[in-house]
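# Working through the structure, step by step
Each chain is listed here by its residues.
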Amino acid sequence: MKTVLLALCCLLAAPALFAQQAVDEQYTKQIRQFTTGPQFSTELVDHLPASATVPSPLQHHGYIAGAEGRLTYAEDVYRYMRAVEAASPRVKVLSFGKSEEGREMIAVVVSDEATIASLDRYREITRKLADPRGIGEEEARRLIAEGKPIYYATGAMHSPETGSPEMLMELVYRLAVEETPFIRGIRENVITLITPVLEVDGRNRQVDLWRYRQANPTLPTPPLVYWGHYVAHDNNRDNIGLTLNLSKNVMKAYFDFHPQVVHDLHESVPFLYVSTGTGPYNPALDPLMIDEWHRMAYNEVNELSRRGLPGIWTHGFYDGWAPNYMFWIGMGHNSIGRFYETFGNRWPTTENRVVRSASERTWYRSNPALPTVRWSLRNNVNFQQSGLLLALADMGKNRQRFLENFWTLGKRSIAKSTQEGPAAYVFSADQKRPGNLRELLGVLRSHGVEVHTLNGALTIEPSWPPPKKDEKPSKTTFPAGSFVVRLDQPYSRLADALLDVQYVRSDEKVYDDTGWTLAYLKNVESSRIVNPDILKAAMRPWSAPASVAPPKNESDIEYLRQRFADPGAKLPRIALLHSWARTQDEGWYRLAFENLGAKYDYISTQDVSAMANLREKYDVIIFPPVGGQVDIVNGLPPGPPLPWKTTSLTPNLGGIDETDDMRPGLGLAGVQSLTRFVENGGLLITVRDTAAWAVQYGLARWVRTVEPVKLKSPGTIIRAKVIDRKSPIAAGYDETLPVFFGGSPIFKVGVREETPAETRPSGRGGKNDPDVPQGRPFVLTPERAKPAPGEEGFQMPEDAPYHYEAYMPRPEDRPRVIVSFAEKADDLWMSGMLDGGEEIANKPAVILSPRGRGNVMLFAINPMWRMNTQGMYALVMNAVLNWDKLR
Ligand SMILES: [Zn+2]
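Conventions and cut-offs
Residues numbered from 1 in each chain as written. Predicted model: local features only at pLDDT ≥ 70, side-chain atom pairs only at ≥ 80, totals over all residues. Heavy atoms only, no water. Helix = DSSP H or I, 4+ residues; strand = E, 2+ residues; numbered from the N terminus. Rg over C-alpha atoms; globule rule 2.2 N^0.38 Å. Buried < 20%, exposed > 50% of the residue type's maximum accessible area, 1.4 Å probe, protein only. Contact = heavy atoms within 4.5 Å. Areas by Shrake-Rupley, 256 points an atom, 1.4 Å probe, with all protein chains shown as cover. Lys, Arg positive; Asp, Glu negative; His and termini not counted. Charge placed at Lys NZ, Arg CZ, Asp CG, Glu CD. Pairing = 2+ DSSP bridges. Axes fitted to C-alpha atoms, helices over the stretch in contact; angles between N-to-C directions. Phe/Tyr/Trp six-rings, centres within 6.5 Å; stacked < 30°, edge-to-face > 60°. Lys NZ or Arg CZ within 6 Å of the ring centre and 35° of its normal. Salt bridge = Lys/Arg side-chain N within 4 Å of Asp/Glu carboxyl O. Donors = N, O, S within 2.8 Å, 3.2 Å for Na, K, Ca; no water. Tetrahedral: all angles 85-135°; square planar, octahedral: opposite > 155°, others 65-115°. Core = buried A, V, L, I, M, F, W, Y, C linked by side-chain atoms within 4.5 Å. Parallel < 35°, antiparallel > 145°, perpendicular 65-115°, else oblique. Expected span 1.5 Å × (residues − 1). Polar contact = N/O pair within 3.5 Å; in protein donor to acceptor, adjacent residues only side chain to side chain.

A tally of helices and strands in the protein yields 25 helices and 29 strands. Computed over C-alpha atoms, the radius of gyration of the protein comes to 30 Å, within 12% of the 29 Å expected from 2.2 N^0.38 for 887 residues, which places it in the range of a compact globule. Over its C-alpha atoms, taken along the principal directions, the protein stretches across nearly 125 × 70 × 70 Å. Taken over 887 residues, the protein has a buried fraction of 60%. Pairs at least 24 residues apart make up 78% of the contacts formed inside the protein by residues separated by at least 6 positions. If you sum the accessible surface of the protein, you get close to 35,500 Å²; carbon and sulfur atoms cover 52% of it. On the protein, the mean spot of the 101 positive side-chain charges and the mean spot of the 103 negative ones are 1 Å from each other.

The pairing of strands in a sheet comes from backbone hydrogen bonds and takes either a parallel or an antiparallel form. Across the sheet, which stays open at both edges, the five strands sit in the order S16-S11-S15-S12-S17 with antiparallel pairing between neighbours. The open sheet has two free edges, formed respectively by strand S16 (527–529) and strand S17 (539–541), since each of these has just one partner strand. Along the sheet, successive strands turn relative to each other by an average axial angle of 30°, direction set aside. Here strand S11 (residues 424–427) pairs with strand S15 (residues 483–486) via four bridges, running antiparallel. Residue pairing across strands places valine 426 opposite valine 484, the latter belonging to S15.

On to the packing of aromatic side chains. On inspection of all chains with the given rule, the structure shows 33 aromatic pairs. On the basis of an interplanar angle of 65° and a centroid distance of 6.0 Å, the ring pair of phenylalanine 271 and phenylalanine 383 is categorised as edge-to-face. Of the two residues, phenylalanine 271 sits in the loop between strand S5 (261–267) and strand S6 (272–274) while phenylalanine 383 sits in helix H15 (residues 377–397), which places them 112 residues apart along the sequence. For the pair shown, phenylalanine 271 and phenylalanine 383 are each scored as buried. Each residue in the set Tyr273, Trp313, Phe317, Tyr318, Tyr325, Phe327, Phe339, Trp363, Tyr364 and Tyr511 is aromatic and connected to the rest through ring pairs, giving one cluster. Here arginine 123 stacks its cationic end above the ring of phenylalanine 257, 4.9 Å away from the centre of that ring. When the ring centre of tryptophan 313 is taken as origin, the NZ or CZ atom of arginine 365, which lies over that ring, is 4.4 Å away.

Glancing now at the pattern of salt bridges. Inspection of every chain in the model, using the stated rule, returns 61 salt bridges. For glutamate 450, the salt bridge is made with arginine 133, and the minimal N-O distance between the two is 2.5 Å. Of this pair, glutamate 450 sits in the loop between helix H17 (434–446) and strand S12 (452–454) while arginine 133 sits in the loop between helix H7 (119–130) and helix H8 (137–146), and the two are 317 residues apart along the sequence. Look at arginine 133 and you get partly exposed, because its relative accessible area is 39%. For arginine 866, the salt bridge goes to aspartate 513, with nearest N and O atoms at 3.0 Å. Of this pair, arginine 866 sits in the loop between strand S29 (854–859) and helix H25 (870–881) while aspartate 513 sits in the loop between helix H18 (492–499) and helix H19 (518–521), placing them 353 residues apart in sequence.

Here the focus is the coordination of the zinc ion. At 2.1 to 2.4 Å from the zinc ion lie its protein donor atoms, namely His158 (ND1), Glu161 (OE), Glu161 (OE) and His266 (ND1). Considering all four donor atoms around the zinc ion, the spread of angles at the metal, 55 to 149°, places the coordination shape in the irregular class. Of note, the zinc ion draws all its donor residues from one chain, in the sequence arrangement H-x2-E-x104-H. For the residue pair histidine 158 and glutamate 161, the accessibility class agrees, reading buried in each case.

One broad trend across soluble globular proteins is that nonpolar side chains are buried collectively. Counting 232 residues, the largest nonpolar core has Leu129, Phe427, Val485, Phe593, Ile685, Leu875 and Met877 as its most contacted members. The dominant element in this core, judged by the number of residues it contributes, is H15, at ten residues. In this structure leucine 875 touches Ile729, Tyr733, Leu737, Val819, Val846, Met857, Phe859 and Ile861, once residues within four positions along its chain are discounted. Counting 32 residues, the second-largest nonpolar core is a separate cluster that includes Ile632, Val671, Trp693 and Val703.

Another point: the sheet that holds strand S1 (residues 91–98). Across the sheet, which stays open at both edges, the eight strands sit in the order S1-S2-S4-S3-S5-S8-S6-S7 with mixed pairing between neighbours. Strands with a single pairing partner mark the edges of an open sheet, and in this sheet they are S1 and strand S7 (312–314). Going across the sheet, the axis of each strand differs from the next one's by a mean of 20°, ignoring polarity. Along the sheet, helix H12 (residues 245–257) makes contact with S1, strand S2 (104–110), strand S3 (150–154), strand S4 (191–195) and S5, crossing S1 at roughly 140°.

Two elements in contact, H17 and helix H20 (residues 557–565), have axes separated by 5 Å at closest approach and are oriented at 105°. Between H17 and H20, the crossing angle belongs to the class labelled roughly perpendicular. Judged by residue contacts, Gly435, Asn436 and Glu439 of H17 engage Ile557, Glu558 and Arg561 from H20.

Summarising the sheet, S1 and S2 pair through six bridges and their orientation is antiparallel. Paired with lysine 98 across the strands is glutamate 104, a residue of S2. Once S1 ends, the chain turns through five residues before running back antiparallel as S2, passing glycine 102 with a positive phi of about 85°.

On to helix H9 (residues 163–177). Under the 1.5 Å per step criterion, the end-to-end length of H9 is 22 Å for 15 residues, consistent within 8% with the ideal 21 Å. Most of H9 is tucked away: 15 of the 15 residues are buried.

Another aspect to go through is the side chain of threonine 72. Along the polypeptide, threonine 72 turns up in the loop between helix H4 (57–61) and helix H5 (74–87). Residue threonine 72 is classed as buried on the basis of its relative accessible area of 1%. In this structure the side chain of threonine 72 is engaged in a polar contact, spanning 2.7 Å, whose partner is the side chain of tyrosine 63. When near neighbours in sequence (up to four residues on either side) are disregarded, threonine 72 contacts His61, Tyr63, Val77, Glu166, Met169, Arg203 and Val207.

Right, here's the structure in full:
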């Protein structure tokens, strides 16, 4: 009798351990309703536990996560998270910054109540483990035993990928409420950190568009042209520059928590791709980290496939090369960075989808997606949430492993300086462009990389560029005050990834830019030092001084800032021109102009076509790249209007710019208006595809585009040389400079089409033998040195009289090459992938094409790219500031 009573007593004291937790029937019913088949769910997410105290998404919003027809605004996601926080001691919501348009960004922390109560202690543990220099082995072991790993999941980076904020609300509820051993294993061993919406401005615009679509079911929905305030998809390419607020805010959240995993949730390929990548992997990363990507990926692939879910795979999507993705906030700091791609419908509707390539079986996808499927937002939520729960459970089971790996990766990063090297990068205090150097060092510091300055002069051999064969490395003396990035620091691998030179084989398939060497992009001198003696030199931590002496160099960005800030300066009236079809690349130009303090009007191609006299209002119009496929003149195809403006239905559209109809393009009236602007003395700056457009529509004459045949230059740093040393555009530049080239366009300047010199008719003999027509005496074609006027390939000499051929332009109208790519193909490559370089050797990179009293400027390179190319900014800004002195 006594024992029975005791047992009863125990049962009453700990009911949750034994009793089956009640299920939220209503919620669970709707999960089943919106899931299109049992094979698209798991036992982890096919139900929701009931809670007497914590509100479910259904109770709070009136709909479940992944419900048909429902998308949630960022603020409403936050209201829900805060309602859960108010009801549960297991949840804490932190605000950690604002978007460009003032919308809040949050992080939600979920763990058991004891962990939440001692959150500061757990954050202290991961902070200490992040820097193994501050703790001994014994203390580290103690901290690893005591600590809890932190898993940081982030959603809605890309605004048309709509499922993750919905899923993350349900996940927070489930983690806080559910009492299964599986969830308790996560809650008690892991601190889950969640940012439900990264791109808050874009999320709200996307939800606006869904409201528009519902209200106008028979009309086409305007395309989401602005995601964030500045850029669209490229918000996930900002992790080198850290210029967007979302990147800065996530970086801050990272340093507040030092999580061991950063996991970004994306939606594209079916049904769940877990990141590892095809390679090439970034060579600066520790193999220990790369192996961990694979271990984690295969755990989820295996566990989900075991549960019968179709289309779970890894490897064959994305590479692992460029450090510009947001999850590099983890990888650059010894945390695992990873992502999912789940299958998204964009709109919260259930659709019959056809899956093509991802439904094919291949070695990395033995369980491919189904070729046709009926797919819902809830399916997407099920896949995302099940995968993430398995990843969290793995961390819970391997709690110490994650902390130990984190600490070990930090230790090995510190050992890098003397083990695999290099020991340091040094930037001489004696630089031509101190403002650019300051910018570079500032970027490193915002990533948490330590920078030192030399107390005295130091003489040591730089090993980069490498000495030529049989050449003894010469020593260089760096003056006192030179900057040293030591690689015996925890974030040495990130510093190395950003500062070293990249080599990519031309047979690799790379997903994004291939070269980004920061010293090149900022046009500053740097030395890669292998000799570890550098670490013994006397130096002290550098902190950026509030002000610096004004630089004298016109190609220095600090000089440009001062020019634009000078109240006495006569500045041109500037307009930045955008199309309504795509705004991403021009967003980087807005950022660059604002960063330099250059004021501008923001106008669209539609405005231009409506303005008869642009010259009355503007001196300079800059037309940044619009994205290759955009039809600048025609705009979008004819059809019902696509309004982009603030209305009560779409409160988050508009603001940046507005239109009643996004469809019309520049039109021929706009082409004429811009031509008149130039002829009346204005400067029109065009870049990449807009430069090709200026050639096509005849604004820039005697310039042609050449189709690349073999060229492979996917985001490569190329050596260029200044041709016109007298032009104010080149002021401050050396004879050669690094430029960023995206692989197109290729320009040629001249009157006529040129045929390549090496071609000969098919005939007898070899490639270099003369062709011999039959039945007549043979006459050898004379070797021709330079083509004569009127001959193919003739380039106009500066002093040629304009009247000697009818079609010859007057000297003052002739296009002038200001900067060209290096003359010899072998000299072109600086960093990244380059193959078929002979097609761009000696071709123009920057052209000034006079017309009437003004000028059209054409950039084959992209001088303002992702806020990383400060070394090239002056090519644009020197032209802007000297717009009336370019002839
Ligand atoms: Zn995405």
